[in-house]
Amino acid sequence: MQNVAMNGDQAIALAWKQIDPDVVAAYPITPQTIIVEAFSEFVADGLVNTEYVCAESEHSAMSLCIGASAAGARVATATASAGLAFMWEMLYIASGMRLPIVMAVANRALSGPINIHCDHSDAMGARDSGWIQLFGENVQEAYDDSLMAFRIAEHMDIRLPIMTCLDGFIVTHSLERLETLPDDVVKKFVGEFKWKRSLLDIKNPTTMGPFDWTDYYFEHKYQQAEAMKRVPAVVKSVSEEFARLSGRKYDLIEPYKLDDADYAVVAMGSTAGTLKEVVDGLRAEGKKVGSLKLRLFRPFPAEELARTLEGMKGVAVLDRALSMGAAGPIFPELRSALFETSKRPRITNYIYGLGGRDIKPEELRTVYDQLMHNQGETVNYLGVRA
Amino acid sequence: MTVTSLKLLSEREDRYVEGHRLCAGCAEPIIARQILMATDKPVVVSNATGCFEVSSSIYPYTSWNVPWIHSAFENAAPTIGGVEAAYNALKRKGKITEDIRFLSFGGDGATYDIGFQAISGAIERGSHFLYVCLNNEAYMNTGIQRSGATMRGAQTTTCPAGTCVPGKREFPKDMTKIIIAHDLPYAAQASPHNYKDMIEKAAKGFEANGPAFINVVAPCPRGWRFDSAKTIEISKLAVETCIWPLYEFENGTWRLTGESKRIAGGDRKKLPVSDWLKSQGRFGHLTKEKWSYVAEEIQANVDKKWEELLKLCKQ
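None of the values given here were measured: they were computed from a predicted structure.

One open sheet holds the nine strands; their spatial order is β9(A)-β2(B)-β1(B)-β3(B)-β4(B)-β6(B)-β5(B)-β7(B)-β8(B), and the pairing between them is mixed. In this open sheet, the two strands that pair with only one neighbour each are β9 (207–208) of chain A together with β8 (253–256) of chain B. With four bridges joining them, strand β7 (residues 247–250) of chain B and β8 of chain B adopt antiparallel strand pairing. Paired with Glu250 of chain B across the two strands is Thr253 of chain B, which belongs to β8 of chain B. Of the strands in this sheet, β1 (43–47), β2 (68–70), β3 (101–107) and β4 (130–135) of chain B touch helix α4 (residues 76–92) of chain B, which is tilted by about 165° from β3 of chain B.

Turning to the sheet that holds strand β3 (residues 51–54) of chain A, a few remarks are in order. Residue and element names in this part refer to chain A. Taken in spatial order, the seven strands line up as β3-β2-β4-β5-β7-β6-β13 in an open sheet, and their pairing is mixed. The two strands at the open ends of the sheet, each matched to only one other strand, are β3 and β13 (296–298). Adjacent strand axes in the sheet meet at a mean angle of 20° when their direction is disregarded. One ladder, built from two bridges, connects strand β6 (residues 132–135) with β13; its direction is antiparallel. Across the sheet, residue Gln133 finds its bridge partner in β13, namely Arg298. Sheet strands touched by helix α6 (residues 139–154): β5 (102–107), β6 and β7 (162–167). Its angle to β7, the strand with the most contacts, is close to 170°.

Chain-level pLDDT for chain B is 97 on average; 100% of the residues reach the 70-or-more range. What the predictor reports for the complex is a pTM of 0.98 with an ipTM of 0.97.

It is worth spelling out the domain arrangement of chain A at this point. All names here are of chain A. Entries for chain A in the domain assignment read domain 1 (2–245) and domain 2 (253–382). Relative to domain 2, the C-alpha centre of domain 1 lies at a distance of 28 Å. Listed per partner, the contact involves 26 residues of domain 1 and 20 residues of domain 2. Mapped by element, the contributors of at least two residues to the side of domain 1 that touches domain 2 are α5 (121–125), β6, α8 (217–229) and α9 (231–246). At four residues, the largest contribution of residues to the side of domain 1 that touches domain 2 is made by β6.

On to the interface of chain B and chain A, then. Each side of the interface is counted separately: chain B has 40 residues, and chain A has 38 residues. Of all elements in the fold, only β1, α3 (51–56), β2, α4 and α6 (116–124) of chain B reach the threshold of two or more residues within the side of chain B that touches chain A. Grouping the amino acids of the side of chain B that touches chain A by side-chain chemistry returns 22 nonpolar, 13 polar and five charged. Of the strand pairs in this sheet, β9 of chain A and β2 of chain B are connected by two bridges, and their pairing is parallel. Across the sheet, residue Met208 of chain A finds its bridge partner in β2 of chain B, namely Ile69 of chain B.

Parameters and conventions
- Residues numbered from 1 in each chain as written.
- Chains lettered and ligands numbered in written order.
- Predicted model: local features only at pLDDT ≥ 70, side-chain atom pairs only at ≥ 80, totals over all residues.
- Pairing = 2+ DSSP bridges.
- Helix = DSSP H or I, 4+ residues; strand = E, 2+ residues; numbered from the N terminus.
- Contact = placed C-beta atoms within 7 Å.
- Axes fitted to C-alpha atoms, helices over the stretch in contact; angles between N-to-C directions.
- pLDDT = per-residue confidence, 0-100.
- Domains from an automatic or database assignment.
- Nonpolar A, V, L, I, M, F, W, Y, C, P; charged D, E, K, R; others polar.

Dropping the structure here:
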């Protein structure tokens, strides 16, 4: 183990360096840029054996990843915001072809108006694309998720692409203490990538990406959905194995001081860290509150959430994205997860932090105050000038 | 030496086989088989969305006897670029030993229009692949809509000939020259009627040691409105009228080939564009007095482009 100071983007590039994927193809976009810059330096100095391709767009970057993955390579890429939106068509093809591509997403708002700062609109726009989505809270998690992602995506029960999401600027550009694993430990943990039948297997020519009529498309989509159902068990087992190496424990969700809590606030990404600070303050005042970090957004861990939040008096869901005309994207899914429970809490939604608007501990405290006083609309906005 | 004798070619393994569902008279399978005959090395193919892709890979069947991938419409070039990147990485690690060639097929929609940027990027990056454009001059797979390759005066379903508009108003973009502007090792135009010329060009493309591009005229009986028995005749006429000159660009040198070389040398007659326009229903409206100026403009443009090409080929 080694302690270093790094930002989130550098931590991801370091994880990839240790893994040494066969192919990295990417296109730079703020705030993901440092990942591809740092990785380019590893390539320039011969510190990795990776075939690194500078694509002319994100659409082509994902197309390159698809070709490389179908050809039997271990593949990584990174993007953000408009770049992820530009890949949208290819995301469905990557998952439909069951290609275990690993992609870091430096969460950033979508245009327009153009904005380079953090929110989760980009990843939420890709939530139905058949990719596994992990959200990290800080630099350490950006690194750890990057290591675990390959194991999860490449697991033979799954074979699906995965996004490791981290908050743009807040995590990508913030210098934090990072505990790294030695190269040989990483290599052993990640292991060798093996393809059963790749495009480069010229003795067994395979047709990939064929045309499905009405007679097969539905079955292929059903198989994908079934593979998604197997993801939580694999995330749990890979996380347990990782904990034995690193001492850092991860799960699908991370409850914080929830055991005896009456009220909980749910969040993803860096805000989950701020929430812990706020919970500590309220606990010191004797308030029975806690928080919950959603680590795995796709597949949605509905059962775990229901089990953990059942019986609470109030739950607030923080969404750093907005489905215009509806609510935040996490809110309806979480409310639906709790619908069948016998002791259903009151559940409200708070849209916050769009376009990188700072979220302050005082504001989060307001959310708890409203929860505890049975206040707030079904959907609320936090920190906006109305 | 490139093998072009029919006897020897007939002994080569079929890489694109029966059972595909392309229309009778379609030029695309003819072209594909000629291209695939041009190398005896293993080949991996990427295919853009289009007639050729949907007709050859209807699950659970396939006409492909070589590894083949289709991912989307606009990305055949970066898709095969990814395969090549994997090949380079795995070869370096000793996991692959074979010497493999990489090939992409795309229609004119995938090449001239929606995939233009992706092809340009792949060529600029120096990917080792041969890109073959199956140019039937419109979006045939979706039912004959105009493309950047559609000829001026041609009717399509999105540029119909009406009482005010004589079919497509614009001349096609010169994609082959645009590709050549990338200063790649090899680019050419070919036609399926001259299999020897096509196979020689494809062989050069496969061995170009960098990006190579061949733009092939692919007459479409449905879209162009001609008898499906006349595909080869029509493709020959495209060359004889100098609408589709046969030429190549090899390491900086421009060279006319096949009938085009003979026309330039005076050994063969350059046929008038009117022969071409009369041969296809898509130009039928141009025989009207009202649109006669369009036919004249097409002839003038063909002449201008031909003269430019002669200069480039130092003829």
